[in-house]
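If you want the building blocks of each chain, they are given just below.
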Amino acid sequence: MQEKANLARVKMRPHIKTHRTPAIAKLQVAMGAKGITVAKLGEAEVMAWEGLDDIFIANEIVGAVKLERLKALKRRIRSLAVGVDHPEQVIALSGAFSAEPVPLDVMIDVETGSPRTGVLSGEQALELARCICRMPGLRIRGIFTHDGHSYGAASIEIARRISRESQNKMIEMASLLRSSGINIEEVSIGSTPSLLLGGIERGVTEIRPGNYAFLDTNMAQFLGTYSRCAQAVLATVISRPTPVRVVLDVGTKTLNEGVQKGGITRAEGHGRLKEQPDIFLDKIYEEHASFDIPEGSDLQFGIGQKLEIIPNHACQTTNFYEVINGIRNGRVETTWSVSCQGKSQ
Ligand SMILES: Cc1ncc(COP(=O)(O)O)c(C=O)c1O
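Criteria and cut-off values
Residues numbered from 1 in each chain as written. Predicted model: local features only at pLDDT ≥ 70, side-chain atom pairs only at ≥ 80, totals over all residues. Heavy atoms only, no water. Helix = DSSP H or I, 4+ residues; strand = E, 2+ residues; numbered from the N terminus. Rg over C-alpha atoms; globule rule 2.2 N^0.38 Å. Buried < 20%, exposed > 50% of the residue type's maximum accessible area, 1.4 Å probe, protein only. Areas by Shrake-Rupley, 256 points an atom, 1.4 Å probe, with all protein chains shown as cover. Lys, Arg positive; Asp, Glu negative; His and termini not counted. Charge placed at Lys NZ, Arg CZ, Asp CG, Glu CD. Axes fitted to C-alpha atoms, helices over the stretch in contact; angles between N-to-C directions. Parallel < 35°, antiparallel > 145°, perpendicular 65-115°, else oblique. Left-handed = near helix turned anticlockwise from the far one by under 90°. Contact = heavy atoms within 4.5 Å. Nonpolar A, V, L, I, M, F, W, Y, C, P; charged D, E, K, R; others polar. Arc of directions from axis to C-beta. Pairing = 2+ DSSP bridges. Salt bridge = Lys/Arg side-chain N within 4 Å of Asp/Glu carboxyl O. Domains from an automatic or database assignment. Buried area = accessible area lost by both parts, 1.4 Å probe. Polar contact = N/O pair within 3.5 Å; in protein donor to acceptor, adjacent residues only side chain to side chain. Core = buried A, V, L, I, M, F, W, Y, C linked by side-chain atoms within 4.5 Å.

Asks: Residue-level account of the overall build of the chain, with values.
Replies: Check the secondary structure of the chain and you find 10 helices and 16 strands. Whereas a compact globule of 345 residues would reach a radius of gyration of roughly 20 Å, the chain reaches 22 Å, a difference of no more than 12%. C-alpha atoms of the chain, sized along the principal axes, occupy 70 × 40 × 35 Å. The buried share among the 345 residues of the chain stands at 51%. When the accessible surface of the chain is totalled, it reaches about 15,900 Å², and 50% of it is carbon and sulfur. Here the chain carries 41 positive and 39 negative side-chain charges, and the mean point of each set is 4 Å from the other.

What follows is the structure in structure tokens.
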């Protein structure tokens, strides 16, 4: 992904929600990332504490207590930006930052098809941009979008089209804002499916992929292979109640259900056996999950046997764990602390 950013001459600002691990964020920066993206103030605080000093919170930060924390964070690091999509957030941010020596950077959140946050039209963006420019304590840096609807695209071609259309909407919006005298430095885009499958259009300045760092069974559906999935949960066979049923000590508290509604990332079941990826967990409970040994198979699964499970959704799975063990050639080479575990406030 870094190579892709380099080739397109855009900045790479990976979303750390996937690993929540400062050591991995530092590796991403060492490989060329300009800074990091986070979703939560809590993640930003931990990352800042660990020395990551260029952070974009790609989310709306709301509430007096959070704004005080944001102010403290801004004083501590070299570069900080937050997302906005409504004048009320802008007014509140300005209230908190107007007496600060250095203005806070804000990025306008744009919806390009994934119905979550974000302004919908150029007119809305312009109105919000003008509001930001009038407000003391703030500086507009640019616009950003997350084309998360690429996950549910019915085909790879449609995912590519979603990516292209989303980027073009952003580029047009940036041009509208610039022609109205607004300084737009950054046009920031990205989701892993569209960045793995599609190109980066001219006019984009920054990409923010997250899941690419690990990949998972959802992504493997369109990649056509499980071999690029880096994350696995080490499970133990704890029961063999019938000749075919194999019960493991993982569940929705350790693996998550991670079921996509449809489209190119829709994986069957709740996770795959890394060594036999045609076998997936078809039942999941809080503390248990199971699969049936396929008919005609001579695979053996004994009580106590360890199995690596590739989760459906890597980003949610990470948050269950305090540490990640880095494995190479079957040996633990390093252990990283998932220091942002639970830091969702
Ligand atoms: C605002 C924002 N940017 C970037 C990303 C990264 O997307 P992905 O994990 O598909 O690369 C996300 C994911 O949820 C997001 O919400």
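After that view, the rundown keeps rolling.
Asks: I'd like a description of the packing of helix H6 (residues 122–134) against helix H7 (residues 156–179), backed by residues and values.
Replies: Geometrically, a packed helix pair is captured by the angle between its two axes and the distance between the axes. Interaxial distance between H6 and H7 falls to 10 Å at its minimum, and their mutual angle equals 45°. The orientation of H6 relative to H7 falls into the category oblique. Judged by the twist between their axes, the crossing of H6 over H7 is right-handed. Residues Gly-122, Glu-123, Ala-125, Leu-126 and Ala-129 of H6 form the contact with H7, whose participating residues are Met-173, Leu-176 and Leu-177. In the contact of H6 with H7, the residues fall into 6 nonpolar, 1 polar and 1 charged.

Asks: Just give me the short version of helix H5 (residues 87–97), but keep the residues and values in it.
Replies: Those residues of H5 that sit buried are Gln-89, Val-90, Leu-93, Ser-94, Ala-96 and Phe-97. Around the axis of H5, the buried residues are gathered within 160° of arc, so they sit on the same side. Across from the buried face of H5, at angles greater than 90 degrees, the exposed residues are Glu-88 and Gly-95. In the core, the buried residues of H5 are packed alongside strand S3 (54–60), helix H4 (64–76), strand S4 (79–84), strand S5 (104–109), H6 and strand S6 (138–144).

Asks: Account for the sheet that holds strand S11 (residues 272–273), with residues named and values stated.
Replies: With antiparallel pairing, the 6 strands of this open sheet are ordered in space as S11-S14-S9-S10-S13-S12. Either end of the sheet is taken by a strand with one partner, and the two such strands are S11 and strand S12 (283–284).

Asks: For the pattern of salt bridges, give the residues involved together with the corresponding values.
Replies: For the structure shown, the criterion picks out 21 salt bridges. One salt bridge in this structure joins Glu-206 and Arg-13, with 3.0 Å as the shortest N-O distance. Within this pair, whereas Glu-206 is found in strand S8 (residues 206–207), its partner Arg-13 is found in the loop between strand S1 (11–12) and helix H2 (22–30), the two being separated by 193 residues in sequence. Several salt bridges share partner residues, and in doing so they unite Arg-13, Lys-34, Asp-53, Asp-54, Arg-78 and Glu-206 into one network.

Asks: Account for the domain arrangement of the chain, naming residues and giving values.
Replies: Looking at the assigned domains, one finds that the chain contains domain 1 (2–213) and domain 2 (218–312). Here the C-alpha centroids of domain 1 and domain 2 sit 34 Å apart. Each side of the interface is counted separately: domain 1 has 14 residues, and domain 2 has 10 residues. Summing both sides of the interface, domain 1 and domain 2 together bury roughly 800 Å²; the carbon and sulfur share of this comes to 73%. Broken down residue by residue, the surface that domain 1 buries against domain 2 is led by Tyr-151, Ile-156 and Leu-196, which jointly contribute 50%. Linking domain 1 to domain 2 there are 2 residue pairs in polar contact (both at pLDDT 80 or more). Secondary structure elements with two or more residues in the side of domain 1 that touches domain 2: H7 and helix H8 (192–197).

Asks: Help me get a handle on unusual backbone geometry, residues and values and all.
Replies: What you tend to see is this: most non-glycine residues have negative phi, and most peptide bonds are trans. Phi at Arg-20 is positive, roughly 45°, even though this residue is not glycine. Here Arg-20 is to be found in the loop between S1 and H2. If you check the backbone angles, Asn-329 has positive phi at about 50° while not being a glycine. Within the secondary structure layout, Asn-329 lies in the loop between strand S15 (323–328) and strand S16 (331–337).

Asks: Give me the lowdown on the environment of Arg-208, citing residues and values where you can.
Replies: In this structure, Arg-208 sits in the loop between S8 and helix H9 (217–223). Among the residues examined, Arg-208 registers a relative accessible area of 5% and is labelled buried. Side-chain polar atoms of Arg-208 contact the backbone oxygen of Thr-145, separated by 2.8 Å.

Asks: Pulling in residues and values, what's your account of the nonpolar core?
Replies: Ile-55, Ile-57, Leu-70, Leu-93, Ile-108, Ile-143 and Ile-207 are the most contacted members of the largest nonpolar core, which has 57 residues in total. Looking at this core, the element that brings in the most residues is H6, giving 6 residues. Those residues within four positions of Leu-70 in sequence are excluded, and the remaining contacts are Leu-41, Ile-57, Leu-80, Val-82, Leu-93, Phe-97 and Leu-104. Grouped together as the second largest cluster of nonpolar side chains are 17 residues, Ala-235, Val-237, Ile-293 and Ile-309 included.

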